[in-house]
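# Remarks on the overall topology
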Amino acid sequence: TQLLEQSPQFLSIQEGENLTVYCNSSSVFSSLQWYRQEPGEGPVLLVTVVTGGEVKKLKRLTFQFGDARKDSSLHITAAQPGDTGLYLCAGDNYGQNFVFGPGTRLSALP
Amino acid sequence: EAQVTQNPRYLITVTGKKLTVTCSQNMNHEYMSWYRQDPGLGLRQIYYSMNVEVTDKGDVPEGYKVSRKEKRNFPLILESPSPNQTSLYFCASSFGDRREQYFGPGTRLTVT
């Protein structure tokens, strides 16, 4: 059974601080996706990383895919209250099923 | 507008009463999927479909059925719901190699 772990589970920070969220697995995935979910809504895709070692930037968010394609990280620079939400990573099992991590709940306080 | 729709959004039912949650997408996506979300567990895939008439079990298929007779629709059927199926359900669709998923707004189901 494939599993994705995320850490930390909860994160409360002040506006302007930097943070990193981790997504780890013992399984190899063909790609890894990051989503953000707000209360009462479905997850919304932030980014997909495909190549081992790949780094993608989305404004203040930086995503990295591990060389072995088993793990990923999300780094937020100078967090803002609008970054508050549940961050989910999802592994694509080579075009078959998807596996989601349990999520990191971020609270960025003004 | 490109979207995934689910109905109903909220449903309270009793144990054993068959129900169907509908899911429809207007993006001509080949891949569709059902998830359930429970506190602390993230999203767990129930069933997925890679195309019309092709469905496969996800991680938690017990107690659920699906069908994919048309490309746009992927209903989730609970033949005999039980209280442990109380959850928040999401339908999603995706396409292409990157399979970036578009999610519906969710259906909150309570089985008493």
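That block above? That's the structure.
Residues numbered from 1 in each chain as written. Chains lettered and ligands numbered in written order. Predicted model: local features only at pLDDT ≥ 70, side-chain atom pairs only at ≥ 80, totals over all residues. Heavy atoms only, no water.

### Regarding the pattern of salt bridges
Residue and element names in this part refer to chain B. To be explicit about the condition: Salt bridges are identified by distance alone: a Lys or Arg side-chain nitrogen within 4 Å of an Asp or Glu carboxyl oxygen. For every residue, the accessible area (1.4 Å probe, protein chains only) is compared with the maximum for its type, and the residue is labelled buried under 20%, exposed over 50%, or partly exposed between those bounds.
Inspection of the entire model under this criterion finds 8 salt bridges over all chains. Across the pair D38 and R36 runs a salt bridge whose closest N-O atoms are separated by 2.9 Å. This pair shows no difference in class: D38 is buried, exactly as R36 is. R98 is paired through a salt bridge with E100; the nearest N and O atoms lie 3.3 Å apart. Using a relative accessible area of 34% as the deciding quantity, one classes R98 as partly exposed. The class for E100 is partly exposed, based on a relative accessible area of 26%. Linked by salt bridges that have partners in common, K18, K65 and E79 make up one network.

### Re the side chain of S67(B)
To keep it simple, the criterion reads: Only DSSP runs of H or I with at least four residues qualify as helices, and only runs of E with at least two residues qualify as strands; both kinds are numbered from the N terminus onward. Every residue pair with non-hydrogen atoms within 4.5 Å of one another is taken to be in contact.
Relative to the assigned elements, S67(B) resides in the loop between β7 (65–66) and β8 (76–78). For S67(B), the contacting residues outside a window of four places in its chain are N73(B), F74(B) and P75(B).

### Let's talk about the sheet that holds strand β6 (residues 55–58) of chain A
Residues and elements named next belong to chain A. Rules: For two strands to count as paired, DSSP must find a minimum of two bridges between them. What counts as an axis is a line fitted to C-alpha atoms, over the stretch in contact for a helix, and the angles between N-to-C directions run from 0 to 180 degrees.
On the basis of which strands lie adjacent, the open sheet formed by 5 strands has the order β1-β3-β8-β7-β6 and antiparallel pairing. Of all strands in the sheet, those bounded by a partner on one side alone are β1 (5–7) and β6. This sheet shows a mean twist of 15 degrees between the axes of neighbouring strands, independent of strand direction. Of the strand pairs in this sheet, β6 and strand β7 (residues 61–65) are connected by 4 bridges, and their pairing is antiparallel. Following the sheet pairing, L58 is matched in β7 by L61.

### Points about the interface of chain B and chain A
What counts here: For any pair of parts, buried area is found by adding up, for both, the accessible area (1.4 Å probe) each one loses once the two are put together.
Listed as interface residues are 20 residues of chain B and, on the opposing side, 21 residues of chain A. Among the residues chain B hides against chain A, the three largest losses belong to L43(B), R98(B) and R99(B). Together they make up 31% of the total. The interface formed by chain B and chain A contains 1 salt bridge. R99(B) serves as the salt-bridge partner of D92(A), at 2.6 Å between the closest nitrogen and oxygen.

### A closer look at the state of the cysteines
All names here are of chain B. As a reminder of what qualifies: Note on terminology: disulfide denotes any pair of cysteine sulfur atoms within 2.5 Å.
One pass over the structure, following the stated rule, counts 2 disulfides over all chains. Sulfur-sulfur distance for the disulfide between C23 and C91 comes to 1.8 Å. Between C23 and C91, the S-S torsion sits near -70 degrees, and that sign places the bridge as left-handed. Of this pair, C23 sits in strand β3 (residues 19–25) while C91 sits in strand β9 (residues 87–94), and the two are 68 residues apart along the sequence. Residue C23 is classed as buried on the basis of its relative accessible area of 2%.

### Digging into the pairing of strand β5 (residues 44–49) of chain A
All names here are of chain A. Of the strand pairs in this sheet, strand β4 (residues 31–37) and β5 are connected by 5 bridges, and their pairing is antiparallel. Directly across from R36, in β5, lies its bridge partner V44. The hairpin formed by β4 and β5 contains 6 residues between the paired strands, and G40 there has a positive phi angle of roughly 80 degrees.

### Brief notes about the packing of aromatic side chains
Threshold: Only the six-membered ring of Trp is used, alongside the rings of Phe and Tyr, when aromatic pairs are assigned; centres must lie within 6.5 Å, and planes under 30 degrees apart are stacked while those over 60 apart are edge-to-face, with the rest tilted. Lysine and arginine charges are scored as sitting over a ring when NZ or CZ, respectively, is within 6 Å of the ring centre and within 35 degrees of the ring normal.
Counted by the stated rule, this structure contains 10 aromatic pairs over all chains. The interplanar angle of 40 degrees and the centroid separation of 5.7 Å between the aromatic rings of Y35(B) and F103(B) together place this pair among those described as tilted. Of this pair, Y35(B) sits in strand β4 (residues 31–38) while F103(B) is found in strand β10 (residues 102–103), placing the two residues 68 residues apart along the sequence. Under the relative-accessibility criterion, Y35(B) is labelled buried at 0%. Accessibility expressed as a relative area gives 12% for F103(B), which makes it buried. Through a chain of ring-to-ring contacts, the aromatic side chains of Y35(A), F100(A), Y35(B), F90(B) and F103(B) assemble into a single cluster. Directly above the aromatic system of Y31(B) lies the positively charged group of R99(B), at a separation of 4.2 Å from the ring centroid.

### Comments concerning the sheet that holds β7(B)
Residues and elements named next belong to chain B. An order of β1-β3-β8-β7 is seen for the 4 strands of this open sheet, with the pairing classed as antiparallel. Each of the sheet's edge strands pairs with one partner strand only, and the pair in question is β1 (4–7) and β7. Sheet topology note: the β3/β8 ladder contains 3 bridges and is antiparallel. Looking across to β8, one finds that L19 is bridged to L78.

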